[in-house]
Each structure stands twice: as structure tokens, then as C-alpha cells.
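Listed below, chain by chain, are the residues.
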2 protein chains.
Amino acid sequence: MTRPLLTTILFGLLLAVLAILLQFFEYRYLVGSLNTSVYTSVVATIFTGVGIWLGVSLFRKKKQDKQEQVDLTILRKLKLNQREYEILGLIAKGFSNQEIADQLFLALPTIKTHVSNLYSKMGVQSRTQAIHKARSMRLI
Amino acid sequence: MTRPLLTTILFGLLLAVLAILLQFFEYRYLVGSLNTSVYTSVVATIFTGVGIWLGVSLFRKKKQDKQEQVDLTILRKLKLNQREYEILGLIAKGFSNQEIADQLFLALPTIKTHVSNLYSKMGVQSRTQAIHKARSMRLI
DNA sequence: TGCGATTTCATACTTAAGTATGAAGCAATT
DNA sequence: AATTGCTTCATACTTAAGTATGAAATCGCA
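Nothing here was measured: the structure is a model prediction, and the numbers come from that model. (Residues numbered from 1 in each chain as written. Chains lettered and ligands numbered in written order. Predicted model: local features only at pLDDT ≥ 70, side-chain atom pairs only at ≥ 80, totals over all residues. Heavy atoms only, no water.)

To continue, consider the packing of helix α3 (residues 82–92) of chain B against helix α6 (residues 127–136) of chain B. Residue and element names in this part refer to chain B. Running from amino to carboxyl end, α3 crosses α6 at an angle of 105 degrees, the nearest separation of the two axes being 10 Å. Judged by the inter-axis angle, α3 sits roughly perpendicular to α6. Taking contact as the criterion, the partners of Leu88, Ile91 and Ala92 in α3 are, on α6, Arg127, Ala130, Ile131 and Ala134. Here the contact of α3 with α6 is built from residues that sort into six nonpolar, no polar and one charged. (Axes fitted to C-alpha atoms, helices over the stretch in contact; angles between N-to-C directions. Helix = DSSP H or I, 4+ residues; strand = E, 2+ residues; numbered from the N terminus. Parallel < 35°, antiparallel > 145°, perpendicular 65-115°, else oblique. Contact = heavy atoms within 4.5 Å. Nonpolar A, V, L, I, M, F, W, Y, C, P; charged D, E, K, R; others polar.)

Turning to the protein's contact with DNA strand C, a few remarks are in order. Around DNA strand C there are 17 residues in total, and A:Asn81, A:Arg83, A:Thr110, B:Lys112 and B:Arg127 lie nearest to it. The sugar-phosphate portion of DNA strand C accounts for 65% of its atoms within 4 Å of the protein, the bases making up the rest. A:Asn81 places a side-chain nitrogen or oxygen 2.7 Å from a phosphate oxygen of DNA strand C. A:Arg83 places a polar side-chain atom, nitrogen or oxygen, 2.5 Å from a phosphate oxygen of DNA strand C. Those elements that provide at least two residues to the surface near DNA strand C are α3 (82–92) and α5 (108–122) of chain A together with α5 (108–122) of chain B. Looking at the surface near DNA strand C, the element that brings in the most residues is α5(A), giving four residues. (Near = heavy atom within 4 Å. Polar contact = N/O pair within 3.5 Å; in protein donor to acceptor, adjacent residues only side chain to side chain.)

A pair can form between side chains of opposite charge whenever their charged atoms are brought close. All names here are of chain A. Enumeration according to the criterion identifies four salt bridges over all chains in this entry. Between lysine 121 and glutamate 84 there is a salt bridge whose closest N-O contact spans 2.9 Å. Residue lysine 121 is found in helix α5, and its partner glutamate 84 is found in helix α3; the two are separated by 37 residues along the sequence. Classification of lysine 121 by relative accessible area gives partly exposed; the value is 34%. (Salt bridge = Lys/Arg side-chain N within 4 Å of Asp/Glu carboxyl O. Buried < 20%, exposed > 50% of the residue type's maximum accessible area, 1.4 Å probe, protein only.)

Of all residues adjacent to DNA strand D, which total 17 residues, the nearest are A:Lys112, A:Arg127, B:Asn81, B:Arg83 and B:His114. Considering the 4 Å shell around the protein, atoms of DNA strand D inside it are sugar or phosphate in 68% of instances. Within the side chain of B:Arg83, a nitrogen or oxygen atom sits 2.6 Å from a phosphate oxygen of DNA strand D. Here a phosphate oxygen of DNA strand D sits 2.9 Å away from a polar atom, N or O, in the side chain of B:Thr110.

For α6(B), the complete set of buried residues consists of B:Arg127, B:Thr128, B:Ala130, B:Ile131 and B:Ala134. One side of α6(B) carries all its buried residues, which in axial view fall inside an arc of 160 degrees. Against the buried residues of α6(B) lie α3 and α6 (127–136) of chain A together with α3, α4 (97–104) and α5 of chain B. Backbone geometry just downstream of α6(B) places B:Arg138 in the positive-phi region, at approximately 60 degrees. (Arc of directions from axis to C-beta.)

Helical geometry note: an α-helix holds 3.6 residues per turn, so side chains three or four residues apart project in the same direction. Residue and element names in this part refer to chain A. Between the first and last C-alpha of α5 there are 21 Å, a value that for 15 residues agrees with the 21 Å anticipated at 1.5 Å per step. What α5 keeps buried is the set Ile111, His114, Val115, Leu118, Tyr119 and Met122. Viewed along the axis of α5, the buried residues span an arc of 135 degrees, placing them on a single side of the element. In α5, the exposed residues that point more than 90 degrees away from the buried face are Pro109 and Ser120. (Expected span 1.5 Å × (residues − 1).)

Its place among the elements puts A:Thr48 in helix α2 (residues 36–78). The class of A:Thr48 is buried, set by a relative accessible area of 11%. In contact with A:Thr48, not counting residues within four places along its chain, are B:Phe47 and B:Gly51.

This brings us to the side chain of B:Thr128. Tracing the backbone through its elements, the reader meets B:Thr128 in helix α6. The class for B:Thr128 is buried, based on a relative accessible area of 4%. Excluding residues that lie within four positions of it along the chain, B:Thr128 makes contacts with A:Ile91, A:Gly94, A:Arg127 and A:Ile131.

Attention now goes to a positive patch on the surface. Where like charges cluster on the molecular surface, the positive patch consists of A:Arg135, A:Arg138, B:Arg135 and B:Arg138. Structurally, A:Arg138 can be placed in the segment after α6. (Patch = residues over 30% accessible without salt bridge, like charges linked within 9 Å, V, L, I, M, F, W, Y side chains within 5 Å. Areas by Shrake-Rupley, 256 points an atom, 1.4 Å probe, with all protein chains shown as cover. Lys, Arg positive; Asp, Glu negative; His and termini not counted. Charge placed at Lys NZ, Arg CZ, Asp CG, Glu CD.)

Let us look at the environment of B:Ile46. All names here are of chain B. Considering the arrangement of structural elements, one finds isoleucine 46 in helix α2 (residues 36–78). For isoleucine 46, a relative accessible area of 37% translates into the label partly exposed. Residues isoleucine 46 and leucine 18 lie 28 residues apart in sequence; the distance between their C-alpha atoms is 9.0 Å.

A separate point is unusual backbone geometry. Located in the positive-phi region is A:Phe105, a residue other than glycine, with phi close to 55 degrees. Structurally, A:Phe105 is set in the loop between α4 (97–104) and α5. The exposure class assigned to A:Phe105 is exposed, which follows from its relative accessible area of 76%. Its identity as a non-glycine residue notwithstanding, B:Arg138 has a phi of 60 degrees, on the positive side.

Structure representation (C-alpha cells):
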């Protein structure tokens, strides 16, 4: 949310600086009846560069913002609690129930319970389904 | 591989057309001592637009190419054959061995064999590990 | 303080996944 | 003709995953 504002300000400043420079060039060289083709080329080149920078910036920003939004919204919709969400992440990283139990210093049956509840809330019956659904919802 | 070429050609043509238009404007209005600020603004605006278009195009192309490259390169490195790669995709979509067998009109033991060979080649022991590794390698 | 949600663990069971081994047909290559 | 790789299937076994049920401790909130 903070980045597009920064981009806008930077772009505005850049435009202002360029405007001043252009005015300067206009009255010193161009009106002094120098080659206008050169002047045109310079303007075109500079603003092509500005455009490229703008295009790339805007394109990248748009993609980042989308991801962060869906994250928390769907988490509340599914009503996953902290442990379940934590375990979902470990499942997606390819860990087995036993490995998860070891990492979290918990017993295997505990993990199984969490996993089972997690599946119920997500509406799936296996880890691969859970991973796929979580990915399609951009939870992970 | 065909697209960057197209972009280059289009950009070249656009530049040529703009150059001709600019020449036209130069000698009809500008040298006719009309307002040069307006002329400058027009040039700047047009080329900013061109730049944005170029920037977005190039950025998107670069991302696509990267994915397709790694795709085939690592595929050869792992020496996965067609069936194995196909089944890897279905596994990542959350399907069970039985579901995969039904979809491909094959027997369950056949799928198990492919899956087992797939794991050997990928250096994993479970579907979740395979999915995670495939994702980290941008195979899927 | 009582209640709901969270978190933990256990036991028992069914089903799916994963491994090993063998085998057979088929296509392409040497 | 022989070899190599791909694809298919089978059988048998071990292990992990998933389900169901019950229970107990903890924590936040009304």
C-alpha cells in the first residue's frame, strides 16, 4: 500500500525536473535555431525510458498486492486456528506426520488430530488435496 | 522464442512511423514558428506511452521464457519420461493413485510403478515431497 | 466462575501409499 | 538380432495416512 504512493511521487518529481530541463533547452538551443531533430530524439529517448520504468514498476506492484490480500481473508473464512495453519505449512513442505511431531515436540496422535480437523475444515481427505486447495486459495 | 522477435519488429515499425510523423510536424507547425511547448508535450506523452507498452511487454516475456526454459532443462536432467511427468502433474493436483489410474485407463499397480520410479529419479519418498521439490524446481 | 475454543494425547481401526521383485510387449537404436 | 528404454501389469509386503471416539488440560471471554 505504501509503494504506489512512492512511485507516484517519484514520477511527479521526475516530470517536473524534465520539464525544467526542457524549457532550458528550448530557449538556449532550439530557439537559437539549432537542429530540432536532435532535440526531438533526446526528448523521445528520455520519455521512452521513463515509460519503461513506469511500466515495469506498475506491473510488478499489481502482482504483489493481490497475493497479500487473499491471505488473511480466506484464513478467517476457513476458521483455521494457529496450529492447523502451522501444520498446513509443514505439510506443504513435504514433511510426514512423524517429522512434524518431532519438529513441534508433540506426539504423533496429536498431529493426526490436527491434520484430521484441518481436512474437515478445508473439505479435503488427503494431504495432496489440502496442498492443492491451499495453493489455489493462495494460502501458501 | 518467436515473441521477442515480433515485439522488436513492431517496435521498429512504430519508431519509423513516429519518425515520419515527427518530421512532418516539425516542418509544418514547429518551423512555422508555432508553440514548441505543445510539440514537446506531445512527443513526451507519445514516447512515455511507447515506453510503458515496451516495459510491460518485455517484463512479461522475460517471466514466460524463464519458466519454459527451466521446465525442459530440469526435465532432462531428472530424466523423467512422459508418463512420469504426466503423473507428477496429477499428483500435484491432489489425485490419489486410484483416481490417476481411472483417468488414464490404467491399472493401479501400473500407477504405483510409475510413481515409485518417479520418486527414485526425484530423490524423494512421498507425494508431498515430490510436489514440494517439483515446485521448488518450477517443474509445475 | 462457567463456557466455548484450543490444544494435547490415547487407542483402535481401515485404507492408501510406498517398496521390492518379476515379467512381458513394444519401439527405437546400434 | 540384440540391447536399451518405455510402458504395462501382477503379487506381496511394510509403513504411513486417515478416521472415529473419548478424554483431559489450558486459555480467553462473557
